[in-house]
Amino acid sequence: MNSIIRKTLGLKSHRVVSVRKSMSEIEIKIERIRRRLLTCGQCGQRSRVRDRLRERRWRHVPLWGIPVTIIYRPARVNCPDCGVKVESIPWAQGKSPLSQPLIVVLATWSRLLAWDVVARLFGVSWSTVRAAVEAAVAYGLANRDIDSVLFIGIDEISRRRMLEMHQNLL
Ligand SMILES: [Zn+2]
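All values derive from a computational prediction rather than experimental measurement. (Residues numbered from 1 in each chain as written. Predicted model: local features only at pLDDT ≥ 70, side-chain atom pairs only at ≥ 80, totals over all residues.)

## Some thoughts on the overall build of the chain
Assigned secondary structure in the chain consists of six helices and eight strands. If you list the helices and strands of the chain from N to C, you get α-β-β-β-β-β-β-β-β-α-α-α-α-α. By the burial criterion, 29% of the 170 residues in the chain qualify as buried. A separation of at least 24 residues holds for 60% of the contacts in the chain among residues at least 6 apart in sequence. (Helix = DSSP H or I, 4+ residues; strand = E, 2+ residues; numbered from the N terminus. Buried ≥ 20, exposed ≤ 12 C-beta atoms within 10 Å, placed from the backbone. Contact = placed C-beta atoms within 7 Å.)

Here you go:
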């Protein structure tokens, strides 16, 4: 589980602290790895950490049909060139409350299925699907190869549900 999360989030200078299942969701807590330099959000240079910002939460790709939330306190770094900047968070896309993998998955499926079907399939609201499509366009994620992202984060249960839904539509 830990290594799946690490891989899908692209973690190098961050680690998974805990994975907790509450009543309705899986909460993944991320922490930076101590003494590791972090990437400047502006220029990409490795920089020392200056301080931390308030906790942020991101909606991530559901696992086994259960909603997943990522929790992390972003750091500000002292970049030698840019000054004090927020780090580049590997799974974040600007200020979006959706993780980048979730944006890509929702936006990709939205090209193939009706948005309300995508919303049901991933247990998110219609407006979340719309936000993902907008973010994907804004950040140029929409033109990725469909085949390569089609099954990212899509577990067996979701896949089966999707096939059922698809058959019901036929
Ligand atoms: Zn910089």
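## A look at the sheet that holds strand S5 (residues 56-63)
Strand order in the open sheet formed by four strands is S1-S2-S6-S5, and the pairing between neighbours is mixed. In the strand order of this sheet, the two ends are held by strand S1 (14-21) and S5, each with one partner. Direction aside, the axes of adjacent strands within the sheet are offset by 25° on average. Of the pairings in the sheet, the one linking strand S2 (residues 26-32) to strand S6 (residues 66-72) comprises four bridges and is parallel in character. Counterpart to Ile26 in the pairing with S6 is Val68. (Pairing = 2+ DSSP bridges. Axes fitted to C-alpha atoms, helices over the stretch in contact; angles between N-to-C directions.)

## Structural notes on the pairing of S6
Direction of pairing for S5 relative to S6: antiparallel, over a ladder of six bridges. Across the sheet, the residue bridging to Arg57 is Ile71, located in S6. Linking S5 back to S6 in an antiparallel pair, the connection comprises two residues, with Trp64 at a positive phi of about 50°.

## What about unusual backbone geometry?
The backbone of Arg35 sits at a positive phi, close to 70°, despite the residue not being glycine. Mapped onto the elements, Arg35 comes out in the loop between S2 and strand S3 (38-39).

## Some words on the pairing of strand S7 (residues 75-79)
Side chains of S7 alternate between two faces, with Ala75, Val77 and Cys79 buried and Arg76 and Asn78 left unburied. As paired elements, strand S4 (residues 46-52) and S7 share four bridges and run antiparallel to each other. By the bridge assignment, Asp51 is partnered in S7 with Arg76. Pairing of S7 with strand S8 (residues 83-86), which is carried by four bridges, proceeds in the antiparallel orientation. Within S8, the residue paired with Asn78 across the bridge is Val84.

## Section: the nonpolar core
Core analysis: the largest hydrophobic core is formed by 30 residues, its most contacted members being Leu102, Ile103, Leu106, Ala107, Val118, Ala132 and Ala136. Mapped by element, the contributors of at least two residues to this core are helix H1 (2-9), S2, S5, S6, helix H2 (100-110), helix H3 (115-122) and helix H4 (126-138). Counting five residues, the second-largest nonpolar core is a separate cluster that includes Cys40, Ala75, Val77 and Cys79. (Core = buried A, V, L, I, M, F, W, Y, C linked by C-beta atoms within 7 Å.)

## Looking at the packing of H2 against H3
Following both chains from N to C, one finds H2 and H3 inclined at 140°, their axes separated by 9 Å at the closest point. Classified by the interaxial angle, the pair formed by H2 and H3 is oblique. When you trace H2 past H3, the crossing you get is right-handed. Across from Leu106, Trp109 and Ser110 in H2, the residues of H3 making contact are Trp115, Val118, Leu121 and Phe122. (Parallel < 35°, antiparallel > 145°, perpendicular 65-115°, else oblique. Left-handed = near helix turned anticlockwise from the far one by under 90°.)

Honestly, it's all geometry; don't read function into it.
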